[in-house]
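If you want the building blocks of each chain, they are given just below.
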Amino acid sequence: MSFPPSAPPLPDVRRVLCVFAHPDDVDFGAAGTVARWVEDGLEVAYLIVTRGDAGGFDDTPREMMPALREAEQRAAAAAVGVKQVDFLDGYADGTLTPTLGLRRDITAAIRRFRPERVLTNSPLRRWEHLAGPSHPDHLAVGEATTCAIYPDARNPFAFPELLAEGLEAWTVSEVWYMGGPAPDHVVDVTDAFDRKIAALRAHATQTSHLDLEGMLRERMAATATTGGLPAGRLAEAFTIIRTA
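1. Structural notes on the overall build of the protein chain
- Across its full length, the protein chain holds 8 helices and 7 strands.
- A globule of 244 residues ought to have a C-alpha radius of gyration of about 18 Å, and the protein chain, at 17 Å, matches this closely.
- Principal-axis analysis of the C-alpha atoms gives the protein chain an extent of 50 × 45 × 35 Å.
- In the protein chain, the share of contacts with a sequence separation of at least 24, taken over all contacts with a separation of at least 6, comes to 81%.
- Carbon and sulfur atoms form 55% of the exposed surface of the protein chain, whose accessible area is close to 10800 Å².
- The centroid of the 24 positive side-chain charges in the protein chain is displaced by 4 Å from the centroid of its 34 negative side-chain charges.

Rendered as C-alpha cells:
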C-alpha cells in the first residue's frame, strides 16, 4: 500500500497546523519546510501529542524528561519562527493508538486553529524504515489526524460537545504527510538548513550525541537528487493529499 501521486500544494494557504507524536518529530522531517512557510508569511502552529517521556539516550531521570522535552520543543519552534506550541495531556510516549479520544482532541485543535493545511506523521508504514518513520506512535497519530481531518473536524455532528465549547466545524483543504512511502513532493530547504540544525540542536536530550550536520546533509542531499534538484541542494520530501 502506498500513497497516490501528490497533488500540487494549494496557493492560498494562510494557516498550517503540524500534528506530531513526539517532540522533535517535526524538526527531523520538516523544520526546513516550516522555516520557509514562516518566512513566506504563513501562520504555523504545533500540536504535540506526547511529551516524549520514553525518549533520551543517557541516565536523565525519567521524571524529568517530559518537562525537558517540552522546553526543548518550544526552543526548537522558536528557531524556525513558530510561536504557538500546544501539547495534549494524558498521552504517554510509546502507547498511542488512534482512539476516539485522540481523534476528538485533534479535532478540537483543528477547529480551534482553523488551518487550511495540516502536516502530520504518515499513517502508512515504510517497511524499509521500521526504526524511524514507522514508529507505532507515528502511525497512530497519522491515522488519528487523518480521521480528525475527515470526517470529524468538518462534521458538526461529530463530537457535539465541541460545539458547546464554541468549536464550529472546519474543513481542512489539504494534508501533508511526512515519513510515508515514496514521498514525491520535494521542498528545497537549502537556505533554511542552518535553522533546521538549530531546531534539532535544541532537542539536546535526543541529539547532543549525534553528528547532526553530517547526517542530515547526506540524507537531504540524497532527497534533493531524487527529487530532481541541482547538485548541492538540500531537500525535505512529503506526500500531499487534497481533502476538500
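Text resumes after the structure shown.
2. Notes on helix α2 (residues 65–79)
- Compared with the 21 Å implied by 1.5 Å per residue over 15 residues, the 21 Å span of α2 between its first and last C-alpha is a close match.
- Looking one or two residues beyond α2, the residue adopting positive phi is glycine 81, at roughly 90°.

3. Observations regarding the packing of aromatic side chains
- Applying the stated criterion across every chain, the model contains 3 aromatic pairs.
- A ring pair is formed by phenylalanine 3 and tyrosine 177, whose centres lie 5.0 Å apart and whose planes are at 15°; its orientation type is stacked. With a gap of 174 residues between them, phenylalanine 3 in the segment before β1 (15–20) and tyrosine 177 in strand β5 (residues 174–178) connect regions that are remote in the sequence.
- When the ring of tryptophan 176 is compared with that of phenylalanine 238, the centres are 5.4 Å apart and the planes differ by 55°; the resulting orientation is tilted. Taken together, the residues tryptophan 176 in strand β5 and phenylalanine 238 in strand β7 (residues 235–242) connect sequence positions 62 residues apart.
- A relative accessible area of 2% places tryptophan 176 in the buried class.
- Each member of the aromatic cluster is reached from another via a ring pair, and the members are Trp37, Trp176 and Phe238.

4. Details of the pairing of β5
- Among the 5 residues that make up β5, 5 are buried, leaving the element largely enclosed by the rest of the structure.
- Side-chain alternation along β5 places Glu174, Trp176 and Met178 on one buried face and Val175 and Tyr177 on a second face that is also buried.
- By the bridge criterion, 4 bridges tie β5 to β7 in an arrangement that is antiparallel. Note on β7: the bridge partner recorded for glutamate 174 is arginine 242.

5. As for helix α4 (residues 136–152)
- Compared with an ideal rise of 1.5 Å per residue, which puts 17 residues at 24 Å, α4 spans 22 Å between its outermost C-alpha atoms and is within 8% of the ideal.
- Counting buried positions over the 17 residues of α4 gives 12, a clear majority of the element.
- Within α4, the full set of buried residues consists of Asp137, His138, Leu139, Ala140, Val141, Gly142, Ala144, Thr145, Cys147, Ala148, Ile149 and Asp152.
- For α4, the secondary structure elements touched by its buried residues are β1, α1 (25–39), α3 (100–113), β4 (117–121) and β5.

6. Re the packing of α1 against helix α6 (residues 193–201)
- Where α1 contacts α6, the axes come no closer than 9 Å and their chain directions differ by 130°. Classified by the angle their axes make, α1 and α6 are oblique. Between α1 and α6 the crossing geometry is right-handed. For the pair α1 and α6, the contacting residues are Asp27, Phe28, Gly29, Ala30, Ala31, Gly32, Ala35 and Glu39 in the first and Arg195, Lys196, Ala199 and Leu200 in the second.
- Of the residues assigned to the contact of α1 with α6, the class counts are 6 nonpolar, 2 polar and 4 charged.

7. Section: the sheet that holds strand β2 (residues 43–48)
- Pairing within the open sheet is mixed, and its 7 strands lie in the order β3-β2-β1-β4-β5-β7-β6. Edge positions in the sheet fall to β3 (84–87) and β6 (185–188), since each of these pairs with one other strand and no more. With direction set aside, neighbouring strand axes in the sheet form an average angle of 25°.
- Along the sheet face, α2 touches β2 and β3 and points at about 155° away from the line of β3.

8. Observations concerning the side chain of glutamate 70
- Relative to the helices and strands, glutamate 70 is located in helix α2.
- A polar atom in the side chain of glutamate 70 sits 2.9 Å from the side chain of arginine 74.
- If near-sequence neighbours (up to four positions away) are discounted, glutamate 70 is found in contact with Arg51 and Phe87.

Procedures and definitions
Residues numbered from 1 in each chain as written. Predicted model: local features only at pLDDT ≥ 70, side-chain atom pairs only at ≥ 80, totals over all residues. Heavy atoms only, no water. Helix = DSSP H or I, 4+ residues; strand = E, 2+ residues; numbered from the N terminus. Rg over C-alpha atoms; globule rule 2.2 N^0.38 Å. Contact = heavy atoms within 4.5 Å. Areas by Shrake-Rupley, 256 points an atom, 1.4 Å probe, with all protein chains shown as cover. Lys, Arg positive; Asp, Glu negative; His and termini not counted. Charge placed at Lys NZ, Arg CZ, Asp CG, Glu CD. Expected span 1.5 Å × (residues − 1). Phe/Tyr/Trp six-rings, centres within 6.5 Å; stacked < 30°, edge-to-face > 60°. Buried < 20%, exposed > 50% of the residue type's maximum accessible area, 1.4 Å probe, protein only. Pairing = 2+ DSSP bridges. Axes fitted to C-alpha atoms, helices over the stretch in contact; angles between N-to-C directions. Parallel < 35°, antiparallel > 145°, perpendicular 65-115°, else oblique. Left-handed = near helix turned anticlockwise from the far one by under 90°. Nonpolar A, V, L, I, M, F, W, Y, C, P; charged D, E, K, R; others polar. Polar contact = N/O pair within 3.5 Å; in protein donor to acceptor, adjacent residues only side chain to side chain.

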